[in-house]
Structure formats: structure tokens, C-alpha cells
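Geometric and topological summary
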Amino acid sequence: MAINLESSNVATRENRIGSITGYIGSLSDLASQSECGTLKGCSRCFSQSSTCLSGCALGQLSAIRDVAIIHHGPAGCSVASAGAYYLDKVMAKKRGVTNDTVYVGTDMNEKDTIFGSTESLRKIILEVNKRYSPKAIFVTSSCATGIIGEDIDSVVDEVRDEIDVPVVAVHCEGFKSRIWATGFDIADHAVLSSIVQPPKEKRNTINFKNFYESARPEIMEMFREFDLEPVFLYCNSTVEELSHISESLATTCICGTLGNYLGNALEEKYGVPYVRSINQCGITGFETWLREIGKVTGRSEKIEKYIEEQRAIYLPQIEEIKKELKGLRAVIGMGPGYTFEVSRVLNELGIEVVWALAWHYDKKYENGDVPPSMKYLLDNDIDFEASVADQQNFEVMNILHKYQPDLYLSRHPGSTVWAIKNGTPAVYVADEYMIFGYKHTLEFARTILDATRNRSFEQNLAKRVKLPYTNWWYEQNVDKFLEGGSASKRMEA
Amino acid sequence: MAKLLDKQRYKCALGAMQTVQAITRAIPVLHSGPGCAQKLSDTTGSSGYFSPNIFPCTSINEKDVVFGGVKKLETTIENALKVIDADLYVVLTGCIPEIVGDDTGEVVSRFENAEKPVIYASTAGFKGNNYIGHEQVIDAIIDQYLEKSEEREKGLVNIWADVPYQDLFWLGNIRELEKLISEIGLTPNTIFGYNRGINQINKIPKAEFNLLVSPWVSLSNMKKMEKKLGIPYLHYPTLPIGAFETSKFLREVGKFAGIDQEKVENVINDHENYYYYLIERYADLFLENRVINKQFSVVADAQYALGITKFLANDLGLVPAKQFVVDDTPKQYREAISEEFKKLNYGLEAEAVFETDSYKIHEQIKEHDYHGYPLILGSYYEKELTESLKGNYLNIAWPVQDKVVLDDFYAGYTGGIRLIEDIYTVAVQRFN
């Protein structure tokens, strides 16, 4: 891909890498269609609410320490500031640092939609700078400002002379893309274009793109053995740290969907290698990733030794628990950065994936390849029924109702409860490190066992609640409302 | 005009999807961007029969912005009626369709003969905050669904209070108000929470009067009902918390409804006896702890700022410092609310500051002399501030991170006791 850091705009994933949100068929069909370029996403004539890309973009940026986010729009757009405030405080406290990031709104009203409000915005930016002296200021748009054509780029250009820290326009109109992960790219783009500096010296660091750094201490310890220092992004990052990420030995990420843009851009602009392996979930994933790190940083020997030691500790325990998991059937619904990774782990643990839903699907990553997690499944003859549905709950429930699996695994807020209302045990794979490496793969396997062994909670609840869908819907095929595209139509579910 | 909204304490009008969500078996159908519902929802009792994951949504994209989203809205409503098992479908518009000029009313009118009622409310984010959005939804029910009734049910009273979900204690509060009203012999009718839905909405026109317990929210709804449905209303601006205000509340409602005074006094007496049985036994804790001083500030919407100020002043004998009203109260209501803050025992008056810029609120709190540790009741934003002032802090207003509430409440006699429990649970965690 060609990354243009001169423009404040990022093309959407749909336009850049052919991402889609509607498909029903099988994994092998999805992959072969994307490889030969015939895959075309379907649209829906009925849909349910999902996620806004601005939440992803600003969730990332507001996790950086001591910056300011100015969300230009009505109060509902900037409502995420309340959650960001909480997260910044508790995440900093956990790490033993302070974070004085501020995230403000502009409470745009009807008059502003008619007459514009760039002058008010200019004053707000200056006032925020005066109050808090942030290390960087991100000025972001919303659907409303986007449609009325509010020129935030010009406002940002104007105030730059008066403010001595980076001020960046961030274009986050929610209607721009149905793929909220575009928001991750938008955040990366803002950081790359305003904060990251060209390298001056090489460092022993590895850029580690993640969400909430729960495994930070153990990863630091592991990397110390390899004489490497991970730099976790962006939660608790400082602007100073970010300015040096071009000097790292490599970039890696916990989730391909999250780290893809940054990794590729750092490689393209500054020659920082991007580790493009399958991710660290499960045994094969972890080992493949570690070996790739070894290759890129010239530490293969140390890494092989580490793998050998860890295998001896964990593999026998994992083998033991696999006996108990045998025969379980699972449905899984996650972002594509996890769905095809977790499918691999389930297969590793001997759990049958009967259906996998990905909330979107990137046909190609920025470098033009099919996502590695997908390639691995195909190369290993692992196939299952699959669909692409941007958190469309009615489709998930239709599938759960028909398949009645032993387990539903998901990663997004508000998703697990619907499985348990169906009587299906659910495991919430929210923490991105929940299946990281040998230790967490073992914990994950044990969690699945616990969740499927004691089904009291879901059974108690399922017995007493009515599901919100009509019988009519449960009698329909799951692809009922999909239109156009190239889904291999299924007659029977 | 756009303004600096620093540490915001409300959502936008589309937040009224939570008002709809609080009506059992009513579903919001959103004509908005794909992520509005998720943003506007909190995990504070949101995974009920319908959750934001279930809400149908047109998920407007770039093409709809250019060509309009009317067709998508029609298929979304049409299929929502088939897929979702609800009693009432409330179409809510977000910013985009209102700016590009989609005629939502016209599309909704095509469903006039649908098996289930479909109504719509204009809740674009730029039209106001979620307090205003709440009023818009109730207006939509009055305008598009309710019909005037010739028949009146003796003693039936519709009770209206503040905004569900925005108010952490909405469920418990409204149940407690119902309970109190029943005790003096009236029959309450409310539309929010467990077992309250379309049947209760259908009963609204038969009520003898509307009882509004809120400083300002829904006052316009009461006027609309008075005009369209011929239902008179009693506006009681203070959420009654604790004995003093609740007894006053019952007397006023009793008088308005023409209930025998002795009956009301008996109810009051029973409650006050038990209330003061508890207070007497704990009075030593209140008087002899070393960390709760006389001066306090509330940072909350008009409802809690006023209700808690009256409670702490009139029941517990504390003295109000500045009180901060943060709900962007429409200007026409501010004077009357300020006056309410001045009606405290012993001629005490509290200064109400209407402010939405939290930086300014925090500066004023820092400047004030609380004669010791400040007691701050507010939202999560006041936690760090109060800690830095070595004060005592209780999270009672949105955003809430320090408290989980399923059906707890602060309204009524029992609610006052609950608030005392919460304040002193904080206090006893330190010695001095």
C-alpha cells in the first residue's frame, strides 16, 4: 500500500483492502473467493446496531498519556469521553503512572449545523491547550460536522502557530465505513503523521501494539531473556515514546486488525520490519510468532531454547486437559483479527468449530496477502461454516438456535448474554491476552472446561426469559436479509 | 453554539433510546449511524429483553448521506416488525437523516396499519441532550399514540420522574414513589420498568391526574397531556429523599387528590416512627465520626442536586456549599429551580450554579472553604478531585463507576436511609 502521511484522511478499509461485512458460506469458499478476487460483500436490508469507527479511533488515541482529544460534534459523539476518563485513570493507576489525558466534546447544537462553528472550535482548542498543556491535541470530526462540511483541517492549520505541541485533525465520521476497525487505522495515521519522528538511532525495542496491556509484566520478562524491550502501544504510551517508534527493531501486534496499518506504515516509511505471522494465541500461534521475532531480530537461538523450556512445562498439562474437552462443539463470533486465530486454537484443543462469524473480513492485508490466520487454516485443511456479520445479533441467535452448540465464544460488549439466554454457555474472550502463549492457552482451556461443566447460570436464566425474536425469524435461513454479493447461498442451515 | 464540554455528564437526544428501552417490550428502531446505540449505552442494566445489540438500525453509510436513507428505513421498519417481538416500535432519528432531510415521519406513516404501533421521535444529537430526548419520546407517545379518554378511573395517578438509565436509581425510585402513593390510597400508573409497558401506556388517558416529580424534566409533557388529554397535573419539583421532604410530598399529593388528611397523617406517622427509630440508633455515628463535616456540594442533574441538598440540610442538619446543576437545564426553568434551592430550614439558602463545563466546577470546589473535609456527591469525575482535597466522595450521578445499582433507590423514607448508609459507608473507611 502507499501510505500518504501528508493527507489527514485515511481511505476506508472497504476501499483500501476490499473489506466486507456480509457473507455466508464456508471458510474455504471465503478464502478461495478472496484469493481469486471474486469475493463481493453483501448488504443487508435489515440490520441491527453495531459499532462506530470513532469509538475505535478515539479509544486508541485517548489511551495515550497527557494528550487532549477534542471531539467536534453533538454530545452523543463525545460520550465515549466518560469511559475514556475512567479507563485512563484505572489503567495508569495499575501501571503506577499518572495520565492526565483530557477528552472533551463541543456539544454542537442545531444552529451550529446551519451556520457552522469553526470559530467556536478554534477557541475551544486554544482554551483546552491553556487549561491542560497537553503533549498533543487531536481534533476530531463527527457525522454532523462531516456532512455540513466543517473544515477542521483549516482550523487545525490556523491554531498550529499558536500552540507548540502537535495539533492533528482526525477524520472520524461514523458513516464513512461499516468497518469500525477503520478507526484503528485512523488513530495510527494520526500518530504517524504528527508524532512519530524519523529514526535517529536504532534501539533494542519492539513495538507491541495491543489494547490494555494486561500481560505487560510477563511479556517484559520474557523479552528480557531475549535482550529485547517491548514498547506497548497505545495504552499508557507517552508522546515521547511514540516519537521514537521508528527506531525499533520490529513491530508486532496482538491482533492483526488492530496493528496492521501501523505495522505496515512503519515498515514502508522507516524500514521497521512488521511481524506478519499468525498471532500468539495457542501453541502453534505462539511458537510461530516467537520464531518470526527471532528471525527478524536475529535471536533465533535464544528463542528456540525458550520454546523448549516452556513446552516441557505446559504441553503435558495441555494434553491432559484436551482429553476432557474432546467432543465439545463451539460457535464463535469475533472480529476477524481473532475469529480465525481462535478457531485455530479450538482446533488445537480438539474442540469442533461448527460455525465461525467474523464481524468483518479483510480480503487482503495492506501488503496484498490473504490474512495469515486464514492461510494457516486452509493449509491445514481446517474448514467450517463461516459468515461475515458486523455483530448482527439476529444472525448469531439464528445460528445458535439451530446448532445448539456447547459453547459460544465472543469478544464484544453485550454479545455473550444473548448466548446464555439461549442456554448456551459463553466465554468472553475480551482480554486480548486470554489465549496468549502456553500459560494462557492452558488457562483458556480450563476456563472452557469450567464454563461448560457448570451450566447453572445459563440454564437458570434461559428457563425464565423469553428471547426477543419471533418464531418466524428462527424458521428463516440466516441469509434471509442478505442482498447481492457472492455468498454461497445456503438452502438449509 | 458549540461550547467546551469538559467532562461531560449527559448524552445527546438519541440517548432517549434508553427511555424507550425502559418501557417493557418497546424497541427503539434507529435511523442513525451504526455505532450510536453502542456508544450511548452503559452496562447498567442494559441486557434486558432488548439490548442495544438487538435495536434495529439503518446503519447509515456514505451512500445514504448522498442519496438519502428513506428506503433503508422502510425495509428496516418492515423487517423489524417481522423479526423482533415487541409491543411498540419507536423510530428514533440521529443526526444524519435530519441534516440530509430524510422525511422520517412520512416513512413511519406508511406503517399506520401495521399490527403493532410504530411511532417516531426526532432525537438528532444536535437537538439537545438526553433529558430533552426523553421528553421527545414521551411527546411522541402523546402525539402519535394516545387518544383522549372520556372515562376516568377513580384515584388513578400517572407518575413521571427523571430519565431512566441516566438516573442510576430510576427503577427503584419510581417503584418507591408508586408504593408511597398507594399507601395514601391512590392507584399509581407508570410506564417504566418491570411489568410496565403498553398496557400502562394505554391507561395513561384514564388517570385523574399526572404527578410529575422532577425539577423540570417532562414539565412540557405534562402541559401537552393537559391540553390534548385533559389531564391536570401536580408538579412536585423535589425528588423526596428522607423524612422531611417525603412527608411534605405526601401531604401535598394528598391535598391535591382530595384525600382525607387523617389518612395521610397516619401513613406519615408510621414511616417517621420507623425512620427516627433508625436515626436515633445511629445518631452517635453521625455526630461523633471525625470525617463528615457540615459543608457539602452536590454535582448532579437538577433532580439530585436539589433532592440531596434538601435532604442533607433538612434531615441531617448539614449546610450546603455551592450546588452544581449539570444537566444543561433549559434557561426558562432555571429561576424556579434556583428558588427551590433557597427553601431550606432555618432560612438557609443554597446557591445553585448551572454549569456544564466541569473544569469551572472543579475550580469552584477547590476554592471553597468546606470547614474541614469536603463531602462531595457527584459523578465519577469528582473522585480524583475529592481525593486530592482529602474529602469524602460518593458516586451518585452519571457517569458512574464506583457503584453498582440493580434496584436500589434514594426516594422516600427508605431512600433517605439508603443514602445515609452510602455516605457513612464511605466515612467509616477512614478514621480521621
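Right above here is the structure, for reference.
In this text the structure is predicted, and so the values were computed from the model without any measurement. (Residues numbered from 1 in each chain as written. Chains lettered and ligands numbered in written order. Predicted model: local features only at pLDDT ≥ 70, side-chain atom pairs only at ≥ 80, totals over all residues.)

**Quick notes on the overall build of chain B**
Looking only at helices and strands, chain B has 17 helices and 14 strands in total. Taken along its principal axes, the extent of the C-alpha atoms in chain B is 65 × 50 × 35 Å. Sorting the 432 residues of chain B into buried and exposed places 56% on the buried side. The long-range fraction of contacts in chain B, counting pairs at least 24 apart against all pairs at least 6 apart in sequence, stands at 72%. (Helix = DSSP H or I, 4+ residues; strand = E, 2+ residues; numbered from the N terminus. Buried ≥ 20, exposed ≤ 12 C-beta atoms within 10 Å, placed from the backbone. Contact = placed C-beta atoms within 7 Å.)

**Examining the pairing of strand β9 (residues 250–253) of chain A**
Residues and elements named next belong to chain A. Burial of the side chains of β9 extends over both faces: A250 and T252 are buried on one face and T251 and C253 on the other. Where strand β7 (residues 205–209) lies against β9, four bridges are found, and the strand directions are parallel. Across the sheet, N207 pairs through a bridge with T251, a residue of β9. (Pairing = 2+ DSSP bridges.)

**Focus on the sheet that holds strand β8 (residues 229–233) of chain A**
Residues and elements named next belong to chain A. If you walk across this open sheet you meet the three strands as β8-β7-β9, and the pairing is parallel. Both edges of this open sheet fall to β8 and β9, since each of them pairs with a single strand only. Shown here is a sheet whose adjacent strand axes are inclined to one another by a mean of 30°, direction ignored. Of the strands in this sheet, β7 and β9 are in contact with helix α12 (residues 256–270), which crosses β9 at around 170°. (Axes fitted to C-alpha atoms, helices over the stretch in contact; angles between N-to-C directions.)

**Section: the interface of chain A and chain B**
Size of an interface: often given as the accessible area lost when the parts come together. Taken together, the 59 residues of chain A in the interface contact 59 residues of chain B. For the side of chain A that touches chain B, the secondary-structure elements that each account for two or more residues are α4 (80–95), β4 (102–105), α5 (110–115), α6 (118–132), α7 (143–148), α17 (393–403), α18 (416–421) and α21 (471–475) of chain A. In terms of residues, the side of chain A that touches chain B owes the most to one element, α4(A), which gives six residues. Class assignment for the residues of the side of chain A that touches chain B results in 29 nonpolar, 21 polar and nine charged. With two bridges connecting them, β4(A) and strand β1 (residues 5–6) of chain B associate as antiparallel partners. (Nonpolar A, V, L, I, M, F, W, Y, C, P; charged D, E, K, R; others polar.)

**Some remarks on the environment of Y212(A)**
Residues and elements named next belong to chain A. As for its position among the elements, Y212 is in the loop between β7 and α10 (216–225). Sequence separation between Y212 and F232 is 20 residues; the distance between their C-alpha atoms is 9.1 Å. The residues touching Y212, leaving out its near neighbours within four places in the chain, are M91 and C235.

**Some thoughts on the sheet that holds strand β1 (residues 22–26) of chain A**
Residues and elements named next belong to chain A. Pairing within the open sheet is mixed, and its six strands lie in the order β1-β12-β11-β10-β13-β14. For this open sheet the edge positions go to β1 and β14 (426–428), each flanked by a neighbour on one side alone. Each neighbouring strand pair of the sheet contributes to a mean axis angle of 15°, computed without reference to strand direction. Strand direction decides the pairing type here: β1 and strand β12 (residues 385–389), joined by five bridges, are antiparallel. Counted as the bridge partner of Y23 is V388 from β12. Sitting on the sheet, helix α15 (residues 336–348) is in contact with β10 (329–334), β11 (352–358) and β13 (407–410), with an inclination near 175° to β11.

**A closer look at the pairing of β10(A)**
Where a strand is regular, its side chains alternate between the two sheet faces. Residue and element names in this part refer to chain A. Of all six residues that make up β10, five are buried, and the element is covered over most of its length. Bridge count between β10 and β11: six bridges; the pairing is parallel. Bridge pairing in β11 places A330 opposite V353. Handedness of the crossover is the feature at issue here: the chain leaves β10, passes through α15, returns alongside β11, and the resulting connection is right-handed. (Right-handed = clockwise from strand over helix to strand, strands pointing away.)

**Regarding helix α16 (residues 372–379) of chain A**
When we look at burial in α16(A), the residues that qualify are P372(A), S373(A), M374(A) and L377(A). Next to the buried residues of α16(A) lie α2 (27–35), α12 and α15 of chain A.

**Digging into the nonpolar core**
Considering soluble globular proteins, one finds that nonpolar side chains tend to be buried as a cluster. Counting residues in hydrophobic clusters, the biggest one holds 281 residues, and the most contacted among them are I137(A), F138(A), V139(A), V342(A), Y89(B), V90(B) and A305(B). If you tally residues by element for this core, the top one is helix α13 (residues 302–314) of chain B, at eight residues. Once residues lying within four places of it in the same chain are set aside, the contact partners of V342(A) are C281(A), I332(A), M334(A), L409(A), V429(A) and I435(A). (Core = buried A, V, L, I, M, F, W, Y, C linked by C-beta atoms within 7 Å.)

**Structural notes on the environment of I283(A)**
All names here are of chain A. Along the chain, the position of I283 falls in helix α13 (residues 282–297). Judged by the 21 C-beta atoms lying within 10 Å of it, I283 is buried. Remark: the alpha-carbon pair of I283 and H440, spanning 157 residues in sequence, is separated by 9.9 Å. Apart from residues no more than four positions distant in its own chain, I283 is found in contact with E348, Y438 and T441.

**Section: the packing of α6(A) against helix α8 (residues 152–160) of chain A**
Two measures define how a pair of helices packs: the angle their axes make with one another and the distance between the axes. Residue and element names in this part refer to chain A. One way to put it is that α6 packs onto α8 with a least axis distance of 10 Å and a crossing angle of 40°. Here α6 lies oblique to α8, going by the angle between them. Helix-helix and strand crossings are classified by hand; for α6 and α8 the assignment is right-handed. Facing T118, L121, R122, I125 and L126 of α6, the residues of α8 in contact are I152, V155, E158 and V159. The residue inventory of the contact of α6 with α8, partitioned by class, reads six nonpolar, one polar and two charged. (Parallel < 35°, antiparallel > 145°, perpendicular 65-115°, else oblique. Left-handed = near helix turned anticlockwise from the far one by under 90°.)

**Details of α4(A)**
Over its 16 residues, α4(A) extends 22 Å from the first C-alpha to the last, a length consistent with the 22 Å expected when each residue adds 1.5 Å. Of all the positions in α4(A), only A80(A), S81(A), A82(A), A84(A), Y85(A) and D88(A) are classed as buried. Structurally, α4(A) contributes buried residues whose contacts are with α3 (53–61), β3 (68–71) and β4 of chain A together with α2 (36–40) and α16 (381–388) of chain B. Where α4(A) terminates, the next one or two residues include G96(A), which has phi positive at roughly 80°. (Expected span 1.5 Å × (residues − 1).)

**Description of the packing of helix α11 (residues 242–257) of chain B against α13(B)**
Close contact between α11(B) and α13(B) brings their axes to 7 Å; oriented N to C, the two are set at 115°. Together, G242(B), F244(B) and E245(B) of α11(B) and K310(B), F311(B) and N314(B) of α13(B) make up the contact between the two elements.

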